[in-house]
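A closer look at the structure
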There are 4 protein chains.
Amino acid sequence: MSNSTEKNSTQEHLSKAVVYSFKNDYSEGAHPSILEAMMETNLHQQEGYGEDAYSLEAIKIMREKLQSDQADIHFVAGGTQANLIVISSILKPYESVIAADTGHINVHETGAIEATGHKINVVHSKDGKLAPKDVESVLEFHTDEHMVKPRLVYISNSTEIGTIYKKKELEELSLFCKSNNLLLFLDGARLGSALTAEENDLSLPELAKLVDVFYIGGTKNGALLGEAIIITNDEAKKDFRFHLKQKGALLAKGRLLGIQFLTLFKKNLFFHSARHANEMAERLSEGIQSLGYKFLVQSTSNQIFPILPNDIIDQLSNKYGFYVWCKIDDKTSAIRLVTSWATKEETVNSFIKDLEALSEMIE
Amino acid sequence: MSNSTEKNSTQEHLSKAVVYSFKNDYSEGAHPSILEAMMETNLHQQEGYGEDAYSLEAIKIMREKLQSDQADIHFVAGGTQANLIVISSILKPYESVIAADTGHINVHETGAIEATGHKINVVHSKDGKLAPKDVESVLEFHTDEHMVKPRLVYISNSTEIGTIYKKKELEELSLFCKSNNLLLFLDGARLGSALTAEENDLSLPELAKLVDVFYIGGTKNGALLGEAIIITNDEAKKDFRFHLKQKGALLAKGRLLGIQFLTLFKKNLFFHSARHANEMAERLSEGIQSLGYKFLVQSTSNQIFPILPNDIIDQLSNKYGFYVWCKIDDKTSAIRLVTSWATKEETVNSFIKDLEALSEMIE
Amino acid sequence: MSNSTEKNSTQEHLSKAVVYSFKNDYSEGAHPSILEAMMETNLHQQEGYGEDAYSLEAIKIMREKLQSDQADIHFVAGGTQANLIVISSILKPYESVIAADTGHINVHETGAIEATGHKINVVHSKDGKLAPKDVESVLEFHTDEHMVKPRLVYISNSTEIGTIYKKKELEELSLFCKSNNLLLFLDGARLGSALTAEENDLSLPELAKLVDVFYIGGTKNGALLGEAIIITNDEAKKDFRFHLKQKGALLAKGRLLGIQFLTLFKKNLFFHSARHANEMAERLSEGIQSLGYKFLVQSTSNQIFPILPNDIIDQLSNKYGFYVWCKIDDKTSAIRLVTSWATKEETVNSFIKDLEALSEMIE
Amino acid sequence: MSNSTEKNSTQEHLSKAVVYSFKNDYSEGAHPSILEAMMETNLHQQEGYGEDAYSLEAIKIMREKLQSDQADIHFVAGGTQANLIVISSILKPYESVIAADTGHINVHETGAIEATGHKINVVHSKDGKLAPKDVESVLEFHTDEHMVKPRLVYISNSTEIGTIYKKKELEELSLFCKSNNLLLFLDGARLGSALTAEENDLSLPELAKLVDVFYIGGTKNGALLGEAIIITNDEAKKDFRFHLKQKGALLAKGRLLGIQFLTLFKKNLFFHSARHANEMAERLSEGIQSLGYKFLVQSTSNQIFPILPNDIIDQLSNKYGFYVWCKIDDKTSAIRLVTSWATKEETVNSFIKDLEALSEMIE
């Protein structure tokens, strides 16, 4: 965008040579079922600001899936917005949030949390997850009023590097939080992928019971935009719409969010789409592994991090879009491949075939 | 929404008995052309965060319409979001914004501006507009470091009560601001309606030259969501995407906003839709006036405020949706009727006919 | 101060020609008893941050005077600091504070309250005070989540224009607040003067019961600096020292504040000093009145606002320091005269004599 | 303080058994010369808010000592206040400050910086200092608008652990900052001790040229309270008094700060006092070292960190006040001893003698 000369990220849109982009799970528009639902309902007049019939219906259905008729559900446009509203609505001015160093709020939200006045207490985490001992180390350090008071634990499922929380891990963390007067908030921008991952043993209702607030990501799982914030902790429910409005998150046409979550949840499209993304990632993983390559982390969700020779990475990038995640050594790097509801099996096969050909050439 | 027991506003969605709602200009989905464009482009992979081909193309076309190839253009989801980001990006911590007491930022944004740290200096305004003398009175009062320093003037076109700025008025205000080191920011949530109003003599390129920042509202003129922030002042352009990201306004699928503004501006749909809304409002006005009723304010934009007997208002509300704006005397009140791109001529005719019948019954 | 070329207020310190300044009640250092106490205790080592023996003793004695052994008491350096910490510690992000338009927080604190994120809902008040109906008008206007939620009522005693709350007025306001889930906060920067004013019928223990938080001003009543925040509402007490520290208000040598309040309250110096200031103001008032002049407002506290001919004001200003408060008509203006613990009877007599002489000359 | 049941730090004031507290450098009141100056000037009427004759004179003299007649100088009450005002006055909302992990702003200010909206980018530092490579690592990581933009580097001299910056180190850091469009801010709460340390080779005028803003601590060097903020960067000077006022830092009786800095600088009391504190620390160090003990860090400023057997620490604490800084192994810990202008040679000698006796007993 010639628009902003100050920005640093690559701005050119996808070059035509690129056959398919594995850069992220938001390169396409919406799942076709969502567009259909929007067409069908388009001219029905509705109340604004989230009080339309579609939002109300979506909330009803989602409560059923959550097995929680007391949960408050609010739809917002994006993940950073969800994070900053939830966190600032819960914390008092001197309270802080604990997060992994790789946490989205700590790295990739341009200081959105601090902009609402709150410190993030960072814990180094190799796998992107937080365990009770991590949280405990922060608590032990913060002993008086000359320091912030840690009050909220922020985790992501799946994490920034594709790992997921097993049921036992979440139970332990939840228990630790309850015992220490901490609240637990789960960023579910990629929750669909986490809950449908092969190694997952956690159900949505179980998750809802173990955390105080979380959100279910629509944007990265087939919606045009939209995250559903679920509040199960009663205290955190109070006056939440005031927070939404103040932060600019109450859309006049809230129907746009309601229709999408209605479509995602009334027939399990949310889970089907996520599972498809995971299956495509698994297929990619298996193919890459069978060619003898290793991975930065073990992931069964829709983000995988194969380690490839730099020469091959260069060649692949002519045909496929993806990010180089980090340098491993002088000759190899880890790349990130992300799949989505829209990734086709033939694209995956083609990628593996191309990698195979390149690998043979190099040998 | 059973979701939030604390809220006070009427929550029921439109009852089936209501034939048509004149409550606002965001009761429907989107103009059909917009949905079509979304369908057509849906599976084309694009860069995220506003760097997609559609956003870039929309910006290009809009710059042409603005006759300003140097304007920076950013798309955001809604009006409160646009207001809080623009204002907080421009002001230093001790600087304030001047607004009419009826201004949206002063009344209907849940303190969103103050939440970013800035005071609003309020001027009482009968017609919702600000004149140089209004601004001057604020400047004269603020003389030293024990008070905030007014720096930005916020106006709306059309205003909250449907009035619009004539070219001469905006020129005078712009000149006054420049002479007093003030920046001028125009909230254009209903700018389409203002620029296509019968009494309007201001063009979009002229407006762009007279203000430092403004936004063009999509939500209230046929888009699903979206406001286009236009920055012509060079200093205000700097690092604007950082502000967008920090406030949660950078949508992953920025294409959703780009496609809509592209559709609104590539063939003047924006102006056609707004003009239609105004024509429907005029027709309503004329019909109501011909029945002998008066109006709270003179408006040629898409919001009108007829004064009707309370009995008739009650009867009308069984069939039409609208807000009772204010009490006039014991027997009459002003109501607000809002038209949009989606308002049909037959609905307008039917409203006038019903009003005529009710008026005769009462006599 | 050549230091800051941007500032607008008159910067020159008092010219030698001026015999005495009635500009304010903080032109001198401290009451001699305070300096003595500082000398005596100077080399006794103490804990820092308000945990010294003097602060603890001061708190003990003040609780006795307040007849409230449950009150939390914290000492801070100044009034703006007290206001911003109390208000931001009590309110949730979307909650607002109601104040008179002349209120110090609304006019003379450079947006300090808004800088902590909160809107001030302003009510026009002729005498600087708030009555239940004023607060009610704000409540009636704020009906849903599109607006801020008023939660705290801010009043001053004495007010910016020298008026004071009678017991009945404060009781009614307190009752109204309790009935409407509002908290009541009293800015007592000049509380000493209010409670020792001739027309006052309110005691310190009564006041403490009627409000949720208030502060007792030391700076304007003989201290070098210091305001004592008194919190009687249990909820508002929680973790208050975290707020103090975060806003930079926890002084390392908190003893400086403790010693002063100990000196002010252990032998009623606080009340004696305030009464003296009021007596000097009364004497001034009577003298001025006896010369036939009127006043802008009736005040029995230490600020009076006589209306004098502009010629006489000019002449007086050669010998006495004071502010011209406002223009009354083309020939007369109101000036503000402030007395303090340090104002001497002979200075007051001399001022009246000079005014008498000038009045005769002009006739 | 029975006042705040929530706080965790030890609250009892110094027990009578304790002969002398080495806990910190703010256990006493003020240097006697300061109290004298306050007595002498006490009844001279002065302008408020830092525009008194003493503040103006102090600024004039300090500019001479700084050899910078263009420096802006402002006095505030404390260090956290200075830090939060300086940092928030310089940064735009999305900009961040880089600090060592041990930095006061990162650990001991209850999130005061984040409360003004800004992220602290933390670098691990063994000696409490920042080198160009530390800053560079932060810059390299922050590449686009999805992350904060680092803009200010915060350092302390002396640091939290008593180390100081040599001239060459500060020159290199300053140069790196200038080359990378970063501003450099030095927290000088203990600057006196740093500049008079044995190993110091940096002068006050040199320091003033190498940084953009810094402050000179009075509180920890003989003043009752007060830090002098020195701004040499022109851009950072603008409207600074507005920031001071908004954050509650403009004292009505600014004379209190002016008189103290006037006293500290008109005859070099500032440097003499600091040198005395350092000499007492050196004497302590030498004595402890001669008994065969080691230190956690090498320090020539007024904080030293000897490593002692736990048994001896227990015994010492009956007679002397100090903090146990950290555990070294099962049998030994590092303690912190802080000296000040008020520490007497005989106290130091007595401490060493007591330590010697205890050491012999244990052997």
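Criteria and thresholds
Residues numbered from 1 in each chain as written. Chains lettered and ligands numbered in written order. Predicted model: local features only at pLDDT ≥ 70, side-chain atom pairs only at ≥ 80, totals over all residues. Heavy atoms only, no water. Helix = DSSP H or I, 4+ residues; strand = E, 2+ residues; numbered from the N terminus. Rg over C-alpha atoms; globule rule 2.2 N^0.38 Å. Buried < 20%, exposed > 50% of the residue type's maximum accessible area, 1.4 Å probe, protein only. Contact = heavy atoms within 4.5 Å. Areas by Shrake-Rupley, 256 points an atom, 1.4 Å probe, with all protein chains shown as cover. Lys, Arg positive; Asp, Glu negative; His and termini not counted. Charge placed at Lys NZ, Arg CZ, Asp CG, Glu CD. UniProt positions renumbered as here; feature names shortened; annotations may be inferred. Domains from an automatic or database assignment. Buried area = accessible area lost by both parts, 1.4 Å probe. Salt bridge = Lys/Arg side-chain N within 4 Å of Asp/Glu carboxyl O. Polar contact = N/O pair within 3.5 Å; in protein donor to acceptor, adjacent residues only side chain to side chain. Nonpolar A, V, L, I, M, F, W, Y, C, P; charged D, E, K, R; others polar. Patch = residues over 30% accessible without salt bridge, like charges linked within 9 Å, V, L, I, M, F, W, Y side chains within 5 Å. Pairing = 2+ DSSP bridges. Axes fitted to C-alpha atoms, helices over the stretch in contact; angles between N-to-C directions. Least-squares fit on C-alpha atoms with pLDDT ≥ 70 in both. pLDDT = per-residue confidence, 0-100. Right-handed = clockwise from strand over helix to strand, strands pointing away.

The secondary structure content of chain A amounts to 15 helices and 13 strands. In terms of overall size, chain A behaves like a compact globule, its C-alpha atoms giving a radius of gyration of 21 Å where 363 residues would be expected to give roughly 21 Å. The C-alpha extent of chain A, read off along each of the three principal axes, is 60 × 55 × 45 Å. Looking at chain A residue by residue over its 363 residues, the buried ones come to 67%. The contacts in chain A between residues at least 6 apart in sequence include a share of 73% that link residues at least 24 apart. Accessible surface computed for chain A: about 13100 Å², of which carbon and sulfur atoms make up 49%. Taken together, the 38 basic and 50 acidic charged side chains of chain A have centroids lying 3 Å from each other.

With that settled, the discussion passes to the UniProt feature "domain: Aromatic amino acid beta-eliminating lyase/threonine aldolase" (unreviewed entry) in chain A. Cross-referencing UniProt, the feature "domain: Aromatic amino acid beta-eliminating lyase/threonine aldolase" (unreviewed entry) maps to residues 32–303 of chain A in the present numbering. Along residues 32–303 of chain A one finds 46% helix and 15% strand; the C-alpha atoms at either end are 23 Å apart.

The next point concerns the domain arrangement of chain A. Residues and elements named next belong to chain A. Taken as a whole, chain A is organised into domain 1 (3–22 + 270–362) and domain 2 (32–266). On the domain 2 side, the residues contacting the 18 residues of domain 1 number 23 residues. Each partner contributes to the roughly 1800 Å² buried at the junction of domain 1 and domain 2, and carbon and sulfur atoms together form 57% of this total. Considering only the side of domain 1, the residues that lose the most area to domain 2 are Phe 270, Phe 271 and Thr 300, jointly responsible for 37% of the buried surface there. Taken together, the links from domain 1 to domain 2 amount to 0 salt bridges. For the pair domain 1 and domain 2, the number of links is 10 residue pairs in polar contact (both at pLDDT 80 or more). Per-element tally for the side of domain 1 that touches domain 2: the top contributor is helix H13 (residues 269–290), with 7 residues. A per-class count over the side of domain 1 that touches domain 2 returns 7 nonpolar, 8 polar and 3 charged.

With 71 residues of chain C in contact, the opposing surface of chain D contributes 71 residues. One salt bridge connects C:Glu47 with D:Lys23, and the closest N-O pair in it is separated by 3.0 Å. For the interface between chain C and chain D, the tally reads 23 residue pairs in polar contact (both at pLDDT 80 or more). Only strand E1 (20–21), helix H1 (32–41), helix H2 (53–66), strand E2 (72–76), helix H3 (79–90), helix H5 (112–115), helix H11 (240–246) and helix H12 (255–266) of chain C provide two or more residues apiece to the side of chain C that touches chain D. Here the side of chain C that touches chain D is built from residues that sort into 27 nonpolar, 27 polar and 17 charged.

Next up on the list: a nonpolar patch on the surface. Together, A:Leu296, A:Trp325 and A:Ile328 make up an exposed nonpolar region whose accessible area comes to about 230 Å². With a relative accessible area of 34%, A:Trp325 lands in the partly exposed category.

Residues and elements named next belong to chain A. Together, Glu 171, Glu 198, Glu 199, Asp 201 and Glu 286 give the surface a local cluster of negative charge. You can see Glu 198 is positioned in the loop between helix H8 (191–195) and helix H9 (204–210). Classification of Glu 198 as exposed rests on a relative accessible area of 61%.

Let's shift gears to the sheet that holds strand E7 (residues 213–217) of chain B. Residue and element names in this part refer to chain B. The strand order across the open sheet built from 7 strands is E2-E8-E7-E6-E5-E3-E4, with neighbouring strands paired in mixed fashion. Looking at strand neighbours, the two that pair on one side only are strand E2 (72–76) and strand E4 (120–123), the edges of this open sheet. Pairwise comparison of adjacent strand axes, ignoring direction, gives a mean angle of 25 degrees for this sheet. In this structure, E7 lies alongside strand E8 (residues 227–231), joined through 5 bridges in antiparallel fashion. Residue Gly 217 lies in a different strand from E8, and its bridge partner there is Glu 227.

In this section: the relation of the copies chain D and chain A. Rotating chain D by 180 degrees and moving it 0.0 Å along the rotation axis overlays it on chain A with an RMSD of 0.0 Å. One copy is carried onto the other by what is essentially a two-fold rotation axis. A share of 100% of interface residues in chain D that are also interface residues in chain A marks the association as one of identical surfaces.

Let us now look at the confidence of the model for chain A. Mean pLDDT for chain A: 94, with 95% of residues reaching 70 or above. Listed scores for the predicted complex are pTM 0.95 and ipTM 0.94.

Taking burial as the measure, the 8 residues of strand E5 (residues 149–156) of chain A include 7 buried ones, the bulk of the element. Taking the sense of rotation as the criterion, the β-α-β connection linking E5(A), helix H7 (residues 167–179) of chain A and strand E6 (residues 183–188) of chain A turns out right-handed.

Turning our eyes to something else, we now look at the interface of chain D and chain A. With 23 residues of chain D in contact, the opposing surface of chain A contributes 24 residues. Its largest share of buried area at the contact with chain A, chain D owes to D:Thr110, D:Glu114 and D:Lys119, together 29% of the area lost on that side. On inspection of chain D and its partner chain A, the count reaches 2 salt bridges. A:Glu114 is the salt-bridge partner of D:Lys119, the closest N and O atoms lying 2.6 Å from each other. Seen at the junction of chain D and chain A, the total is 11 residue pairs in polar contact (both at pLDDT 80 or more).

With that out of the way, let us pick up the pattern of salt bridges. For the structure shown, the criterion picks out 64 salt bridges over all chains. The shortest N-O distance in the salt bridge between C:Glu51 and C:Arg241 comes to 3.2 Å. Residue C:Glu51 is located in the loop between H1 and H2, and its partner C:Arg241 is located in helix H11; the two are separated by 190 residues in the primary sequence. The exposure classification of C:Glu51 matches that of C:Arg241, with both residues buried. When salt bridges that share partners are traced, they join A:Glu51, A:Arg241 and C:Glu145 into one network.

The next thing to look at is the pairing of strand E13 (residues 332–338) of chain B. Residues and elements named next belong to chain B. A large share of E13 lies buried, amounting to 7 of its 7 residues. Here E13 shows two buried faces, one formed by Thr 332, Ala 334, Arg 336 and Val 338 and the other by Ser 333, Ile 335 and Leu 337. Sheet topology places strand E9 (residues 303–304) next to E13; 2 bridges connect them, and they run antiparallel. Across the sheet, Gln 303 pairs through a bridge with Val 338, a residue of E13. Relative to E13, strand E10 (residues 307–309) is paired through 3 bridges, and the arrangement is antiparallel. By the bridge assignment, Leu 308 is partnered in E13 with Ser 333. The sheet contact formed by strand E12 (residues 323–327) and E13 spans 4 bridges and is antiparallel. Pairing of Tyr 323 across the sheet is with Arg 336, part of E13.

What follows is about unusual backbone geometry. Here C:Asn157 and C:Ser158 are connected by a cis peptide whose omega angle stands at -5 degrees. Along the chain, C:Ser158 turns up in the loop between strand E5 (149–156) and helix H7 (167–179). The phi dihedral of D:Tyr49 is positive, around 55 degrees, even though this residue is not glycine. Its location among the elements puts D:Tyr49 in the loop between helix H1 (32–41) and helix H2 (53–66). In this structure D:Tyr49 comes out as buried when scored by relative accessible area, which is 15%. One non-glycine residue, D:Asn268, adopts positive backbone phi at about 65 degrees. Residue placement: D:Asn268 occurs in the loop between helix H12 (255–266) and helix H13 (269–290).

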